[in-house]
Every structure is written in C-alpha cells, then in structure tokens.
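Next come the chains, spelled out residue by residue.
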Amino acid sequence: MKGAIGMHQRQDIKFLLIIMVLLLTMSMLSGCLFKKEKPTEEGKDIVEEPKEQNQPQERQTPAEVPKDGSETEEKTGVFVGDKAYDFTLLDREGNEISLSSLQGKVVFMNFWASWCPPCVQEMPYIQAIYDQYQKKDVVILAVNVLATEKGKDAAAVNQFLSDNGYTFPVLYDVDGSVTVKYRVSAFPATYIIDKDGYIADFISGAMNKDTMEKKIEKVLNP
C-alpha cells in the first residue's frame, strides 16, 4: 500500500516538473516573440536626441488666432494658428538670422539631420523649391539639428551640403534648443509660417516637390 502511494507521489512530482518546464519554455519564447522594437514611421526618422525633459506632445488644432484687431490675446506656440516662436541662429556663413526679421515673407522652415534618410531624400526637392521661389516672398530655412549630428560639426555638415550642390539657406541649431521649443519629435519636420508670423501649416515626414509647392502656394496666395 505504501509503495503504491509512493509511486503516485513520484508520478505527481514528475508531472509538476514537466508542467514547470513547459511554462518556463513558453515564458522564454514569449520574451523573444514580443520583444519591443524601436518605433518607426514611414517617411520620417524618430528623433532620440537631444534628450530633454520636455517631451513633444501630440499635435492639436487650436482655435485660429484672429488677425482683425479683435480683443483676443495673441498666442505663441507650435500649433496651426499660433504665433511662431522667435529665435536667432547662425547660418552657413556665420551670420545671425532671426525668424522675426523675416516677417512679411512666407517661411518654409524644415528641421533635418544628415543621418536621416527621409531628410536626404527630400533635399533635392527643397533645392528645387528654393530655386523656384528665391525671387518671390518666400524664404527657405533648413534648420540642421547639429545636436543630433553624431560626431559631425558644422564644417562637416557644410561639406555634405557642398558635395551635393545644395545652396538653400541652412541654419544650425547647435544645442537643439530651437528643435525642443518647436516640439520636433521626428525628422524631417516642416513648419510653414505666413507673412504675419503665424504658423499656417505643419508637415511631419518627407514631401515631394509637388506637395511642397502646393502647400507654399496655399499660404502665399490664400
């Protein structure tokens, strides 16, 4: 009798061990199958640097700011209808350029980095747009986020631009502060600012020339 009980106990223990091994194996497999990957989006690269405490928020569409002199407080921000944040950055020649100094012109402001494939992909179109609009009331500002250029300085980025024959205006956000202020979370990112200094459009991701032209014309000739 005792021998039969002992046999049953050994069988139960063996069964429990088998169950434990199976559970452990399933747990290990699930850890591989459901491993989290870095999020990516078609047509843009996710920005990981500079790492700041203010994380970009999901875009919203706030009420448009009246421009007819009504008693509404002017709102400065990064959404369509907001007054664009002013800033001053150095260009390729070392000149200081302020956004506020360009009021009266439509500003096509593109945030980019040389390591970003979608940025590089749309740069020939930016050059074409620059050539097309440089004698009109449109300013191209390609803001290079130097803070994310791993191992590259402004001279190296300038060489990259020269090697590819790009002549459009480039500004350098050395410490990434302007990029953070505009809540850019992925490259490329483009703001189109109207002649009064208000944000008229925002585009996340690469564009072709036709799309760039249509969006500029919509703001240039509303």
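Structure first, text after, so check above.
1. Regarding the sheet that holds strand S4 (residues 88-91)
To summarise the sheet geometry, strands pair through backbone hydrogen bonds and adopt either a parallel or an antiparallel arrangement. Pairing is mixed across the open sheet formed by seven strands, whose spatial order is S5-S4-S8-S7-S6-S10-S11. Looking at strand neighbours, the two that pair on one side only are strand S5 (96-98) and strand S11 (199-204), the edges of this open sheet. The average undirected angle you get between the axes of adjacent strands in this sheet is 30°. Seen against the sheet, helix H2 (residues 117-133) touches strand S6 (106-112) and strand S7 (138-144) and runs at an angle of roughly 160° to S6. In this fold helix H3 (residues 154-163) packs onto S6, S7 and strand S8 (170-172), with an angle of close to 165° to the strand it touches most, S8.

2. Side note on unusual backbone geometry
Cis geometry marks the peptide bond from phenylalanine 187 to proline 188, where omega comes out at -10°. By the secondary structure assignment, proline 188 is in the loop between strand S9 (186-187) and strand S10 (189-193). The residue arginine 183 is not glycine, and still its phi comes out positive at about 55°. Following the sequence through the fold, arginine 183 ends up in the loop between helix H4 (177-181) and S9.

3. As for the pairing of S6
Of all seven residues in S6, seven are buried; the element is thus mostly enclosed. Neither face of S6 is exposed, since Val106, Phe108, Asn110 and Trp112 on one face and Val107, Met109 and Phe111 on the opposite face are all buried. For S6 and S7, the ladder comprises seven bridges, and the chain directions are parallel. Following the sheet pairing, valine 107 is matched in S7 by valine 139. For the crossover from S6 across H2 to S7, the handedness is right-handed. Pairing of S6 with S10 involves five bridges; the strand directions are antiparallel. Looking at the pairing, asparagine 110 lines up with threonine 190 of S10.

Criteria and thresholds
Residues numbered from 1 in each chain as written. Predicted model: local features only at pLDDT ≥ 70, side-chain atom pairs only at ≥ 80, totals over all residues. Heavy atoms only, no water. Pairing = 2+ DSSP bridges. Helix = DSSP H or I, 4+ residues; strand = E, 2+ residues; numbered from the N terminus. Axes fitted to C-alpha atoms, helices over the stretch in contact; angles between N-to-C directions. Contact = heavy atoms within 4.5 Å. Buried < 20%, exposed > 50% of the residue type's maximum accessible area, 1.4 Å probe, protein only. Right-handed = clockwise from strand over helix to strand, strands pointing away.

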